Amino acid sequence: MSGLRTVDVVTILWERASLIPLTQRTIVQATVIGSAAPCDNKLNPGDSYRAAVLCLLGHRFVQVLNLDSGLTGVAVFIRLF
């Protein structure tokens, strides 16, 4: 099956402790379809959302969705091979 491309998808549900704009966001839940390597260890509940995003973006993931309701949000990242 040469030429078959795989897609990795990471969905992150995050929360913020308060509505103060720069309050750090933490991961509530992350779902991975395919692989999130080498960022797997940054996607656990309680981990820093910012650290996870920086890792994903540094490893060819692209953010395709960002829903921010203030205290909670969802972000989706994809990586094509």
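As a starting point, this report considers the structure included with it. Just so we're clear, the structure is a prediction, and the values are computed from it rather than from any experiment.

### Topic: the side chain of Asp8
Its location among the elements puts Asp8 in strand 1 (residues 7–16). In this structure the side chain of Asp8 is engaged in a polar contact, spanning 3.0 Å, whose partner is the backbone nitrogen of Ser35. The contact partners of Asp8, leaving out residues within four places of it in the chain, are Ile33, Gly34, Ser35, Phe61, Phe77, Ile78, Arg79 and Phe81.

### A word on the sheet that holds strand 4 (residues 72–80)
One open sheet accounts for four strands, arranged 2-1-4-3; its pairing is antiparallel. Looking at strand neighbours, the two that pair on one side only are strand 2 (25–33) and strand 3 (62–68), the edges of this open sheet. The mean inter-strand angle of the sheet, taken between neighbouring strand axes irrespective of direction, is 15°. Sheet topology note: the strand 3/strand 4 ladder contains six bridges and is antiparallel. Paired with Asn66 across the strands is Ala75, a residue of strand 4.

### Points about the nonpolar core
One finds Val10, Ile12, Ile27, Leu43, Tyr49, Leu56 and Phe77 to be the most contacted residues of the largest nonpolar core, which totals 15 residues. Those elements that provide at least two residues to this core are strand 1, helix 1 (49–57) and strand 4. Looking at which element gives the most residues to this core, the answer is helix 1, with five residues. Ignoring any residue separated from it by four or fewer positions in sequence, one finds Tyr49 in contact with Ile12, Trp14, Arg25, Thr26, Ile27, Gln63, Asn66, Ala75 and Phe77.

### Description of the packing of aromatic side chains
Using the criterion set out here, one finds one aromatic pair in the structure. Lying across the ring of Trp14, Arg25 places its NZ or CZ 4.9 Å from the centre.

About the thresholds
- Residues numbered from 1 in each chain as written.
- Predicted model: local features only at pLDDT ≥ 70, side-chain atom pairs only at ≥ 80, totals over all residues.
- Heavy atoms only, no water.
- Helix = DSSP H or I, 4+ residues; strand = E, 2+ residues; numbered from the N terminus.
- Polar contact = N/O pair within 3.5 Å; in protein donor to acceptor, adjacent residues only side chain to side chain.
- Contact = heavy atoms within 4.5 Å.
- Pairing = 2+ DSSP bridges.
- Axes fitted to C-alpha atoms, helices over the stretch in contact; angles between N-to-C directions.
- Core = buried A, V, L, I, M, F, W, Y, C linked by side-chain atoms within 4.5 Å.
- Buried < 20%, exposed > 50% of the residue type's maximum accessible area, 1.4 Å probe, protein only.
- Phe/Tyr/Trp six-rings, centres within 6.5 Å; stacked < 30°, edge-to-face > 60°.
- Lys NZ or Arg CZ within 6 Å of the ring centre and 35° of its normal.

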